[in-house]
Amino acid sequence: LSPHEISIGGVFVPPELLAALLALLLAMITSKYLNKYQVSKKLFYPPLFMLSLVVIYTILMGFFVPY
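Residues numbered from 1 in each chain as written. Predicted model: local features only at pLDDT ≥ 70, side-chain atom pairs only at ≥ 80, totals over all residues. Heavy atoms only, no water.

A. Main features of the side chain of S40. Here S40 is to be found in the loop between α1 (15–36) and α2 (46–64). Of the residues examined, S40 reaches a relative accessible area of 16% and is grouped as buried. Setting aside residues no more than four positions away along its own chain, S40 makes contact with L34, N35 and P46. (Helix = DSSP H or I, 4+ residues; strand = E, 2+ residues; numbered from the N terminus. Buried < 20%, exposed > 50% of the residue type's maximum accessible area, 1.4 Å probe, protein only. Contact = heavy atoms within 4.5 Å.)

B. How the structure looks around α2. With 19 residues, α2 should reach 27 Å at 1.5 Å per residue; the first-to-last C-alpha distance of 27 Å fits that figure. Among all positions in α2, only L53, V54, Y57, M61 and G62 are buried. Against α1 lie the buried residues of α2. (Expected span 1.5 Å × (residues − 1).)

C. Representation of unusual backbone geometry. The backbone of Q38 shows a phi angle near 55°, a positive value even though the residue is not glycine. Q38 sits in the partly exposed class, given a relative accessible area of 47%.

D. Representation of the environment of I6 within the structure. Tracing the chain through its elements places I6 in strand β1 (residues 6–8). Sequence separation of I6 and I56 is 50 residues, and the distance between their C-alpha atoms is 22 Å.

E. Structural context of a nonpolar patch on the surface. A cluster of nonpolar side chains, F44, Y45, L48, L51, V55, I56, I59, L60, F63 and F64, forms an exposed patch at the surface whose accessible area comes to about 1200 Å². Secondary-structure assignment places F63 in helix α2. (Patch = residues over 30% accessible without salt bridge, like charges linked within 9 Å, V, L, I, M, F, W, Y side chains within 5 Å. Areas by Shrake-Rupley, 256 points an atom, 1.4 Å probe, with all protein chains shown as cover. Salt bridge = Lys/Arg side-chain N within 4 Å of Asp/Glu carboxyl O.)

Written out as structure tokens, the structure is:
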């Protein structure tokens, strides 16, 4: 059985938090490249797109972070 919390320096963190932080990092990298190639100009509302990227990446990272 795997633990329900991950210990980082003696502090227990839920695996969903790690998945969300990794998803935020990936969304920031994706947004950086979209801005670099000026794809974000074609988006209706870029902050909403960023939020949706974080949600999508969080769901995807939830499959890879052990529970």
